[in-house]
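Residue-level listing of the chains:
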Amino acid sequence: MNRRNKNLALCAANALLFVILLWKTRAYPDSVRGALLVWMFVAPFILAAAAFDKRLSGRSGVLDMLLFLTTGTAIGLTLGGALSRFDATSAAEIAWLPFGLSAAILHYWPSRQDEYRQGR
């Protein structure tokens, strides 16, 4: 699996959580904490930049890092919210956690087609 496909898997996981949180903010606006609201504002820009990056610029490594950090933040905030206020966490957020963790693991799983292996 090449780096582009790995990034697209992370983008899909983050986009799914974004849709879940968007629904949650419209249905239950008081149940979404401030950190997740900040994540909801920043994440679409990072996802769009990573999804449409054609690897022609020097910023690709930075986008990979930002995308992985965005996913890690989403996992941490969702898991932290579930542990601290389980009653305010939706079933969709809980169901998203394995998907987000799997995408993060896939992103750094070694692959022969990954540009960052540099032929190793």
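The shown structure was predicted, so the numbers you read here are calculated from the model rather than taken from an experiment.

Cut-offs used in this document
Residues numbered from 1 in each chain as written. Predicted model: local features only at pLDDT ≥ 70, side-chain atom pairs only at ≥ 80, totals over all residues. Heavy atoms only, no water. Helix = DSSP H or I, 4+ residues; strand = E, 2+ residues; numbered from the N terminus. Buried < 20%, exposed > 50% of the residue type's maximum accessible area, 1.4 Å probe, protein only. Contact = heavy atoms within 4.5 Å. Areas by Shrake-Rupley, 256 points an atom, 1.4 Å probe, with all protein chains shown as cover. pLDDT = per-residue confidence, 0-100. Phe/Tyr/Trp six-rings, centres within 6.5 Å; stacked < 30°, edge-to-face > 60°. Salt bridge = Lys/Arg side-chain N within 4 Å of Asp/Glu carboxyl O.

> Mind showing me how you'd approach the overall build of the protein chain here?
Looking only at helices and strands, the protein chain features four helices and zero strands. For the protein chain, the α and β elements follow one another from N to C terminus as α-α-α-α. For the protein chain, buried positions account for 39% of its 120 residues. At a minimum sequence separation of 6, the contacts of the protein chain that also span at least 24 residues come to 73%. For the protein chain, the accessible area works out to roughly 7100 Å², and carbon and sulfur atoms hold 69% of it.

> So what exactly am I meant to see when it comes to the confidence of the model for the protein chain here?
Close reading of the predicted structure is inappropriate where its pLDDT is low. Within the protein chain, residue pLDDT values average 84, and 86% of them lie at 70 or more. Across the protein chain, element-level confidence peaks in helix H4 (residues 91–108) with a mean pLDDT of 91 and bottoms out in helix H3 (residues 60–84) with 88.

> What am I meant to see in the packing of aromatic side chains here?
One pair of aromatic rings is described through two measures. These are the centre distance and the angle between the planes. Enumeration over the complete set of coordinates arrives at two aromatic pairs. Plain terms: the ring middles of Trp23 and Tyr28 are 6.0 Å apart, the flat faces sit at 85 degrees to each other, and that makes the pair edge-to-face. Ring centres of Phe41 and Phe45 lie 5.7 Å apart, and the angle between their planes is 70 degrees; on these two criteria the pair is classed as edge-to-face. Note that Phe41 and Phe45 are positioned in helix H2 (residues 34–51) at a spacing of four residues, about one turn of the helix.

> Sorry, what's going on with the environment of Gly81 here?
The residue Gly81 is located in helix H3 in this model. As for Gly81 and Leu36, which are separated by 45 residues in sequence, their C-alpha atoms are 9.4 Å apart. Once residues within four sequence positions are removed from consideration, Gly81 is found in contact with Phe86 and Thr89.

> Got a minute to help me understand the pattern of salt bridges in this structure?
If the charged atoms of two oppositely charged side chains come close together, the side chains can form a pair. One pass over the structure, following the stated rule, counts one salt bridge. Between Lys24 and Glu93 there is a salt bridge, with its nearest N and O atoms 2.6 Å apart. In this pair, Lys24 sits in helix H1 (residues 3–27) while Glu93 sits in helix H4, placing the two residues 69 residues apart along the sequence. This pair shows no difference in class: Lys24 is buried, exactly as Glu93 is.

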